[in-house]
Amino acid sequence: MSKMQPVRGTHDLLPDDYRRFAHVVDTARDVARLYGYREMATPIFEFTELFARGIGETTDVVSKEMYTFKDRGDESLTLRPEYTAGICRAFVSNGELAQQLPLKVFAAGPMFRYERPQKGRQRQFHQIDLEVLGAPEPGADIEVISVAADILDRLTILDRCVLKINSLGDPESRVGYRKVLTDYYSAHVDKLSEDSRNRLARNPLRILDSKDEGDKAINANAPSFSDHLNQASRDFFKSVQDGLTAAGIAFEVDPALVRGLDYYTHTAFEFVTTHLGAQGTVLGGGRYDGLIAELGGPPTAGIGWAGGIERLMMLADEPRPLPRPVVIAPLGAAAEARALGIARGLRKQGIAVEQDYRGNMKRRMQRANKLNARAALIIGDDELAKGVAQLKDLDSGTQREVPFETLAEALKV
RNA sequence: GCGGCCGUAGCUCAGUUGGUUAGAGCGCCAGAUUGUGAUUCUGGAUGUCGCCGGUUCAAAUCCGGUCGGCCGCCCCA
């Protein structure tokens with residue numbers, strides 16, 4: 001093509017695509033509202049430090065995937081790579097939110113990560129996001145997962161997804177397990193893959209999920225997280241599982257499920273599919289009880305998830321077609337002028353009316369067909385004189401005269 | 001960031017061992033007595049063969065680079 005290409009990893013959402021995009025967001029918003037979540041939005045860029053501190057300096061997202069730049073005031077800013085940090089920052093910035101606990105919010109918008117694009121992976125992508133702040137109880141975990149399941153169900157993709165959950169424990173359990181795991185892998189470091197040797201220092205938990213055959217052999221005897229959860233963490237995880245079962249939500253416990261962002265504690269979960277190539281995760285999240293305190297706010301529990309809109313779009317059914325319009329086809333200057341008022345009156349009644357800017361009868365009828373119009377209103381000099389329009393049903397081809405005054409009634413669906 | 005595949009009309013794709021004005025289907029546009037669409041018929045335009053450079057008498061075709069897409073890894077949504 002020409003040089004007028006979009007930036008790598010970005011895409012235009014043309015009208016047909018946008019309808020499917022909006023369908024995902026609208027569906028999610030509707031379901032979230034049923035659970036009492038309120039929509040909000042935060043800025044697309046924040047101070048770089050927010051993400052560095054919130055997500056973790058050593059994570060891939062922060063260390064090599066952020067769009068970071070200096071603005072004209074020499075501030076280091078970053079295009080948000082995810083939503084949670086921004087929402088938590090907003091919670092800390094806006095004291096009144098601390099009086100609305102538990103705060104249940106829904107959000108949607110673009111995210112930015114400098115990654116190698118593939119199907120289902122773009123540099124600018126979009127997420128729907130759900131968060132509950134100020135609820136340390138497992139009931140919040142259950143509810144948040146339940147909202148996600150309902151959204152996927154309404155998008156008709158739940159049956160192609162599997163819910164995987166795991167517990168990363170509370171900080172005490174996590175620190176303890178991490179030590180045990182690091183010791184174990186350090187003893188086998190010479191047999192680990194290069195990737196996993198790098199993971200050992202950054203996030204040893206991730207080695208558990210390695211696809212390398214040699215690593216898998218070592219993993220077979222690796223200490224299990226479930227054996228190193230303290231009693232409180234164990235009870236918490238049990239409650240979440242029991243709640244999901246009670247709610248009728250199917251899940252699998254996956255001990256290898258580890259999320260890449262540092263702030264997660266306790267519950268981690270992902271809805272995964274095999275229908276998107278290498279990009280299996282459609283929606284994922286977890287609990288992050290320490291994040292808000294880490295950002296300098298009052299110690300406040302948090303749990304939430306994000307879902308990739310583009311990935312959901314690829315799986316979801318086509319949204320319902322738009323209501324079919326009526327085309328008004330005036331012939332001659334006088335009729336054209338009169339049609340403007342008639343069309344406006346019909347739209348006031350909630351009827352979608354399209355009026356061409358130009359064209360003879362044939363052209364207007366062709367346009368009507370192309371617009372998938374259900375009916376055409378033909379108004380020429382004769383009709384103008386009689387105060388009627390020819391109402392042609394474009395499916396049956398039948399046509400009848402209808403007085404201007406009763407057009408709205410004749411066109412009500 | 002690593003490894004691999006690919007790039008020809010708006011779309012899906014043909015295009016022989018390099019050879020003359022680069023093709024098809026769909027779609028688009030225009031006509032078939034100017035007040036009636038979708039069907040049918042006729043005609044038309046599709047294009048810097050992603051881009052830049054090299055080899056050659058000659059490049060869509062071979063070579064290099066670059067941009068972009070896709071697949072796997074990594075990572076994640």
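Residues numbered from 1 in each chain as written. Chains lettered and ligands numbered in written order. Predicted model: local features only at pLDDT ≥ 70, side-chain atom pairs only at ≥ 80, totals over all residues. Heavy atoms only, no water.

**What about the pattern of salt bridges?**
- Within the structure shown, the criterion is met by 20 salt bridges.
- R89 is the partner of E46 in a salt bridge, and the nearest nitrogen-oxygen pair spans 2.6 Å. Taken as a pair, E46 in strand β2 (residues 45-47) and R89 in helix α4 (residues 84-93) lie far apart in primary sequence, 43 residues in all.
- The class of E46 is buried, set by a relative accessible area of 6%.
- Take R89: its relative accessible area is 23%, and that puts it in the partly exposed class.
- Across the pair R367 and D356 runs a salt bridge, and its minimum N-O distance is 3.2 Å. Here R367 is found in helix α13 (residues 361-370), whereas its partner D356 is found in the loop between β13 (353-355) and α13, with eleven residues between them in sequence.
- The class of R367 is partly exposed, set by a relative accessible area of 30%.
- Since its relative accessible area comes to 13%, D356 is described here as buried.
- Via salt bridges that share partners, D26, R29 and E39 belong to a single interconnected network. (Salt bridge = Lys/Arg side-chain N within 4 Å of Asp/Glu carboxyl O. Helix = DSSP H or I, 4+ residues; strand = E, 2+ residues; numbered from the N terminus. Buried < 20%, exposed > 50% of the residue type's maximum accessible area, 1.4 Å probe, protein only.)

**Details of the environment of I128**
- Structurally, I128 is set in strand β6 (residues 124-133).
- Beyond its immediate chain neighbours, meaning those up to four positions away, I128 contacts V25, A28, F106, A107, A108, W305, A306, G307, I309 and L312. (Contact = heavy atoms within 4.5 Å.)

**Some remarks on the sheet that holds strand β12 (residues 326-330)**
- The five strands are arranged β13-β12-β14-β15-β16 in an open sheet whose pairing can be described as mixed. Of all the strands in the sheet, just β13 and β16 (399-403) have a single pairing partner and so form its edges. This sheet shows a mean twist of 30 degrees between the axes of neighbouring strands, independent of strand direction.
- Pairing of strand β15 (residues 388-393) with β16 involves five bridges; the strand directions are antiparallel. Within β16, the position partnered with K392 by the bridge is Q399.
- The strands touched by helix α12 (residues 333-348) are β12, β13 and β14 (375-379); relative to β13, the strand with the most contacts, the crossing angle is about 160 degrees.
- The strands touched by α13 are β12, β14 and β15; relative to β12, the strand with the most contacts, the crossing angle is about 175 degrees. (Pairing = 2+ DSSP bridges. Axes fitted to C-alpha atoms, helices over the stretch in contact; angles between N-to-C directions.)

**Side note on the layout of surface pockets**
- Volume-wise, the second largest pocket comes out at about 330 Å³.
- Along its surface, the second largest pocket is lined by 13 residues, and R174, D262, Y263, Y264 and T265 are the ones closest to its centre.
- Secondary structure elements with two or more residues in the lining of the second largest pocket: α2 (48-55), α6 (171-187) and α10 (291-294).
- Broken down by element, the residue count for the lining of the second largest pocket peaks at four residues, all from α6.
- Of the residues that constitute the lining of the second largest pocket, the class distribution is five nonpolar, three polar and five charged. (1 Å grid on protein atoms, 1.4 Å probe; cavity = no way out; pocket = protein on both sides within 12 Å on 5 of 7 lines; lining within 4 Å. Points joined across faces, edges and corners; volume = space filled by probe spheres on them. Nonpolar A, V, L, I, M, F, W, Y, C, P; charged D, E, K, R; others polar.)

**Quick word on the domain arrangement of chain A**
- Domain boundaries assigned for chain A yield domain 1 (15-170 + 230-315) and domain 2 (326-411).
- The gap between the C-alpha centroids of domain 1 and domain 2 is 49 Å. (Domains from an automatic or database assignment.)

**Description of a nonpolar patch on the surface**
- A surface patch of nonpolar side chains, about 250 Å² in accessible area, is lined by I44, F45 and F69.
- Owing to a relative accessible area of 34%, I44 belongs among the partly exposed residues under this scheme. (Patch = residues over 30% accessible without salt bridge, like charges linked within 9 Å, V, L, I, M, F, W, Y side chains within 5 Å. Areas by Shrake-Rupley, 256 points an atom, 1.4 Å probe, with all protein chains shown as cover.)

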